[in-house]
Amino acid sequence: MAAISSSENVTVRKMLPILSASTVGTAIEWYDFFLYGFFSATIFNKLFFPLLDPVTGVLASFTTYYIGFIARPIGGAFFGWFGDRIGRKSVLVTTLLLMGISTCLMGLVPTYAQVGILAPLLITILRFLQGAGVGGEWGGSVLLSLEYGDNRRRGFWTSWPQTGVPLGLALAAIVVIITRALFTGASFTGLGWRIPFFLSVVLILVGLVIRLRILDTPAFTKLKEENRIARAPLVDAFRHHWKDIILTALLRSGEQAPFYLFTTFVLGYGVTSLKIPLNLLYVGIIVAAVVSFIFMPTASYVSDIIGRKRWFMIGTVLMALFAFPFFLLLQTKNPVAVVFSMAFAIGICHASVYGPQAAFISEHFGTKLRYSGASLGYQLASLTAGGPAPIIATLLVAQYHSYVPLALYIILMAIISFLSAVALKEYANKDAQLDHDEVRTPARVTASDA
């Protein structure tokens, strides 16, 4: 496949192989990641922590779930270094394999009843490897779209890898529903839950076939030709972009924390506290994923027109405003209200900020350090917002027996995102941030000419 050489040549037709490679691979990796989240909220406490009381068991299950989030910035730093040194494509193939192999092995892990303490230890190690794979995946998939695309539609192009999240989410929920229908009662906790993990093998093969057909991005290829590859991209990213890394991590607070409340915590909370049928919650997630898949590129396209900052701030306000209505609708236990609440929270509120976020974060870093810088900014939010969210929510419900603290928690996260967006620069419809050595080059040329 030939590289797209200029913005004038960037068309949907020419971008389609690139968007397919980034989106399909990302969807497969998120399918793997969400499977663990679904089961950690519903059955892993019984399979791997059976000696603990129900609340402590759920907390322990969510703690192993959090291990994946701890691994994400580590994976982002590790694979970001290689992505900035040897290229985007090779790293994306590696992360896909890492994620797929880890997920398949999860299906083979024995339970606590079979091997004792070794069981949660093994599942935790594999969860860490899962997180490392996701940590390296995001930066590469987004940069494929960004560095092949043009400035005018940067938000739209980079939103497609983001749609891998709702695709993976829907696929995981559908597979779980089918598996629960085929394996009922003890057969599900015995063998049934393992089947979705084994199915990852087929998905990984599909993703590899698509990704191996693409070339590296024109921007990175040009860096190699000019011999301008960063020697220490991770160190340089912190040295030249520490403020952007911190702000982009905080930027994700109002998206990350609510998302894992809406998709993971809500499963255990809805079944245990509200007595909502689990399959109804999965249906809500599937409907929400469909809405999100449609709305995410739409919101990102609008961000190309009115500006990333302005749209992102609107999205965070919307998230804060829907915090209380989300839980109030769940309290009704009415199937239509439950599905609507999840569809609006995930498909509209979350999608409105998550879609444009890919461009908003990555355009703050120059090509030399973009994989490392963008990955760090994106993945550090896993430590501060995404990973802790289900744990914090479980503790709040156990302490206060009310949804009010949960809604206030979402509002607080949204405020942090809003303020972070205010502090970041606007690059919509402009060239992305230049590398630090490119910024100084014109000054040297001018002085020499004078």
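Looking up the chain in an unreviewed UniProt entry gives the name MFS transporter, with the organism given as Dictyobacter formicarum. Under Subcellular location (unreviewed entry), UniProt gives the following word-for-word description of the chain: "Cell membrane".

Things to note about the side chain of Ser 22
Note on placement: Ser 22 falls in helix α1 (residues 12-42). A residue is classified by how much of its surface remains accessible, and Ser 22, at 0% relative accessible area, is buried. If we ignore the near neighbours within four places in the chain, the residues touching Ser 22 are Glu 137, Ser 141, Leu 144, Ser 145, Pro 161 and Arg 211.

Description of the pattern of salt bridges
Summed over all chains, the structure comprises 11 salt bridges. Salt-bridge contacts for Arg 88 lead to Asp 84; the nearest nitrogen and oxygen are separated by 3.1 Å. Taking relative accessible area as the criterion, Asp 84 reaches 1% and is therefore assigned buried. One salt bridge connects Arg 370 with Glu 147, and the closest N-O pair in it is separated by 3.1 Å.

A few points about helix α19 (residues 370-379)
The buried fraction of α19 amounts to 10 of the 10 residues, a majority that puts the element mostly inside the structure. The complete set of buried residues in α19 reads Arg 370, Tyr 371, Ser 372, Gly 373, Ala 374, Ser 375, Leu 376, Gly 377, Tyr 378 and Gln 379.

Things to note about the packing of helix α18 (residues 335-362) against α19
Here α18 crosses α19 at 135 degrees, and the two axes come no closer than 9 Å. It follows that α18 is oblique to α19 by the angle criterion. The two elements α18 and α19 meet at a crossing, and its hand is right-handed. Residues Tyr 354, Gln 357, Ile 361 and Ser 362 of α18 form the contact with α19, whose own contacting residues are Arg 370, Ala 374 and Tyr 378. Taken together, the residues of the contact of α18 with α19 sort by class into 4 nonpolar, 2 polar and 1 charged.

Topic: the environment of Gly 76
Along the chain, Gly 76 falls in helix α3 (residues 54-85). Among residues more than four places away in sequence, those in contact with Gly 76 are Gly 135, Gly 136, Ser 375 and Gln 379.

Focus: the packing of helix α17 (residues 323-332) against helix α22 (residues 404-423)
One way to put it is that α17 packs onto α22 with a least axis distance of 8 Å and a crossing angle of 150 degrees. Considered as vectors, α17 and α22 are oriented roughly antiparallel to each other. Between α17 and α22 lies a crossing whose hand is right-handed. Contacts between α17 and α22 involve Ala 323, Phe 324 and Phe 327 from the former and Val 404, Leu 406, Ala 407, Leu 408, Ile 410 and Ile 411 from the latter. In the contact of α17 with α22, the residues fall into 9 nonpolar, no polar and no charged.

Observations concerning the packing of aromatic side chains
Summed over all chains, the structure comprises 32 aromatic pairs. With a centroid separation of 5.0 Å and 80 degrees between ring planes, the pair formed by Trp 81 and Phe 82 is classed as edge-to-face. Classification of Trp 81 by relative accessible area gives partly exposed; the value is 31%. For Phe 82, a relative accessible area of 29% puts it in the partly exposed group. When the centroid spacing of 5.1 Å and the interplanar angle of 85 degrees are considered together, the rings of Phe 259 and Tyr 260 count as edge-to-face. You can call Tyr 260 buried: its relative accessible area is 1%. Cluster of aromatic residues (ring-pair linked, three or more members): Tyr 36, Phe 39, Phe 44, Phe 48, Phe 188, Trp 193 and Phe 197. It is Arg 180 that lies over the ring of Phe 188; its NZ or CZ is 5.5 Å from the centre.

Thresholds, definitions, all that
- Residue numbers run consecutively from 1 along every chain, following the written order of its sequence.
- Two thresholds apply to this predicted model, a pLDDT of at least 70 for residue-level local features and 80 or more for giving and counting side-chain atom pairs, whereas whole-chain, interface and lining totals are computed over all residues.
- Here the side-chain values reflect all heavy atoms present in the structure, with hydrogen atoms and water set aside.
- UniProt positions are given in the numbering used here, feature names are shortened, and annotations may be inferred rather than shown by experiment.
- Where helices and strands are cited, they refer to DSSP runs of H or I of at least four residues and of E of at least two residues respectively, numbered from the N terminus.
- Relative accessibility under 20% of the residue-type maximum defines a buried residue, over 50% an exposed one, and the middle range a partly exposed one, all with a 1.4 Å probe and only protein chains included.
- Two residues form a contact once any of their heavy atoms are found within 4.5 Å.
- Salt bridges are defined as contacts in which a side-chain nitrogen from Lys or Arg sits within 4 Å of a carboxyl oxygen from Asp or Glu.
- Under this scheme, a helix contributes an axis fitted over its contacting stretch, all axes are lines through C-alpha atoms, and angles between N-to-C directions fall in the 0 to 180 degree range.
- By the definition adopted for this analysis, an angle is roughly parallel if under 35 degrees, roughly antiparallel if over 145, roughly perpendicular if from 65 to 115, and oblique otherwise.
- Working rule for handedness: look at the near helix, and if it is turned counterclockwise from the far one by less than a right angle, call the crossing left-handed; if clockwise, right-handed.
- The classification used treats Ala, Val, Leu, Ile, Met, Phe, Trp, Tyr, Cys and Pro as nonpolar, Asp, Glu, Lys and Arg as charged, and all other residues, Gly among them, as polar.
- Each aromatic pair joins two rings of Phe, Tyr and Trp (for Trp, the six-membered one) with centres within 6.5 Å, and gets the label stacked for planes under 30 degrees apart, edge-to-face for over 60, and tilted for any other angle.
- Criterion for a charge above a ring: Lys NZ or Arg CZ within 6 Å of the ring centre, and within 35 degrees of the ring normal.

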